[in-house]
Every structure is written in structure tokens, then in C-alpha cells.
Amino acid sequence: MLDPTIVFDTSGPLESPLTDEVLREVEAQLGRNVPAAYIDLAQRHNGGVLARDAHPSPSRTSWSANYVAVYTLAAIGRTAHFSLCGELGNAFWIDEWGYPDIGIYIADCPSAGHDMIALDYRSPGEPTVVHVDQEWNYQITVIARDFETFLGGLVDETEFDGDD
């Protein structure tokens, strides 16, 4: 698992490190189990602004020809606004914005809600990580086979050509 100091910028976590009790409550509310790599990270640094702010995409999105920008990873909890069960958590994106109920929305993008990163539980096994593009009729693009691969694939946005 990646060191949280590599994953997050210098700002603090959104919530306190994850406890077993909070994890049980959040998973019960979501109706899904959170991947082990996400849990491991949240036990050490629970959500926050990402240091590496882009992830390659296999196809064009409304953001770019070959990547998606990623801003904040949601905390596993309910007290922070942007935690999985917080005010701007998973239910908000599905109920208020009409995002498809495919799993758990885990990261926002700099588009102010017009695209999101989610764990997609529609297939058996470990959930894939997908980009959901509200601007393109909620188009779903797989960007990583699992959460750990997603974290490892994050890069600085400057690595991509800005001529989109």
C-alpha cells in the first residue's frame, strides 16, 4: 500500500483515522464492503486533497482526451462534508445529482460535480474504479481494475499535454 504522505497533499485528513466501529456503520449504511486498500489508507489518513491530481483514461472524457483530473478522496465516515456518508457523500451524488447507483462515489473532480470517481460494484469480485461523466449522460469509463491500482496510477496533471 502507498504511503499516505505520497497520496495526499500537505492538508490534513478530512476525518480522524478510521476505527472498526465507524467502518461497520458506514458499510452497513452503504450496503457494500469498502475495499481493503481503501480501509488501510483511511486507518492512516482518512480522506483529503490528493497530491497527485490526475489519472490516465483509456478514452476521451468531457475533461480531456487521455486523463481525468481528480481532486479529493472521500473519508470513510460521516462527519466530514465529503465523507462516504457525509452531507456531500455517496447518497448526495445519487439522490441529488442523479448519478447512477453503481457503487460508492469516492472522489470528486475539479468540475464542481460534473464528473466523479466511483467504485463500481456491478461485477462480482473487487470493485473497479470508474470515472462517471455527468456531462456525457453519465458515461462510465473504467480507469483502474481496483482501488490500489487507482492510487498507484495517480500522477501530477502536468504530465499530460494541456492542448485538449
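These figures come from a predicted structure and were not determined experimentally. (Residues numbered from 1 in each chain as written. Predicted model: local features only at pLDDT ≥ 70, side-chain atom pairs only at ≥ 80, totals over all residues. Heavy atoms only, no water.)

Concerning the overall build of the protein
And step 1. Check the secondary structure of the protein and you find five helices and eight strands.
And step 2. Starting at the N terminus and walking to the C terminus, you meet the elements of the protein as α-α-α-β-β-β-β-α-β-β-β-β-α.
And step 3. For the protein, the C-alpha radius of gyration of 15 Å lies close to 15 Å, the compact-globule estimate for 164 residues.
And step 4. Seen along its three principal axes, the alpha-carbon backbone of the protein occupies a region of about 45 × 35 × 30 Å. (Helix = DSSP H or I, 4+ residues; strand = E, 2+ residues; numbered from the N terminus. Rg over C-alpha atoms; globule rule 2.2 N^0.38 Å.)

A short note on helix 2 (residues 20–30)
And step 1. Every buried residue of helix 2 is accounted for by Leu23, Val26, Glu27 and Leu30. Along the axis of helix 2, the buried residues cluster in a sector spanning 95°; they form a single face. Exposed and oriented more than 90 degrees from the buried face of helix 2 are Arg24, Ala28 and Gln29.
And step 2. One or two positions beyond helix 2, positive phi appears at Gly31, with a value near 75°. (Buried < 20%, exposed > 50% of the residue type's maximum accessible area, 1.4 Å probe, protein only. Arc of directions from axis to C-beta.)

Here's the deal with the nonpolar core
And step 1. Grouped together as the largest cluster of nonpolar side chains are 43 residues, with contacts concentrated most on Tyr38, Ile76, Leu84, Ile106, Ile117, Phe147 and Phe150.
And step 2. For this core, the secondary structure elements donating two or more residues are helix 2, helix 3 (36–44), helix 4 (90–95), strand 5 (103–108), strand 6 (115–120), strand 7 (128–133), strand 8 (139–144) and helix 5 (147–153).
And step 3. Ranked by residues supplied to this core, first place goes to helix 3 with five residues.
And step 4. Those residues in contact with Phe150 that sit more than four places away from it in its chain are His55, Val70, Ile117, Val129, Ile143 and Ala144.
And step 5. Judged by nonpolar contacts, the second largest core, of five residues, contains Ala54, Ala69, Val155 and Phe160. (Core = buried A, V, L, I, M, F, W, Y, C linked by side-chain atoms within 4.5 Å. Contact = heavy atoms within 4.5 Å.)

Some words on the confidence of the model for the protein
And step 1. The pLDDT averaged across the protein works out to 92; a share of 95% of its residues lies at or above 70.
And step 2. Looking over the protein, one finds the lowest element-wise mean pLDDT in helix 1 (residues 4–7), namely 64, and the highest in helix 2, namely 98. (pLDDT = per-residue confidence, 0-100.)

Focus on the packing of aromatic side chains
And step 1. In the structure shown here, the tally under the stated rule is eight aromatic pairs.
And step 2. Between the aromatic rings of Trp93 and Tyr99, the centroid separation amounts to 6.0 Å while the plane-to-plane angle is 90°, which identifies the pairing as edge-to-face. Exposure class is identical for Trp93 and Tyr99. Each is buried.
And step 3. With centroids separated by 5.0 Å and ring planes inclined at 75°, the aromatic side chains of Tyr99 and Tyr138 adopt a geometry described as edge-to-face. Placement of Tyr99 in the loop between helix 4 and strand 5 and of Tyr138 in the loop between strand 7 and strand 8 is noted, with a sequence separation of 39 residues between them.
And step 4. Residue classification places Tyr138 among the partly exposed positions, given a relative accessible area of 22%.
And step 5. These aromatic residues form a ring-pair network of at least three members: Phe92, Trp93, Trp97, Tyr99, Tyr105 and Tyr138. (Phe/Tyr/Trp six-rings, centres within 6.5 Å; stacked < 30°, edge-to-face > 60°.)

Thoughts on the sheet that holds strand 5
And step 1. Across the sheet, six strands lie side by side as 1-4-5-6-7-8; this open sheet has antiparallel pairing. For this open sheet the edge positions go to strand 1 (48–49) and strand 8, each flanked by a neighbour on one side alone.
And step 2. The pairing of strand 5 with strand 6 spans five bridges and is antiparallel. Bridged to Tyr105 within strand 6 is Ala118. (Pairing = 2+ DSSP bridges.)

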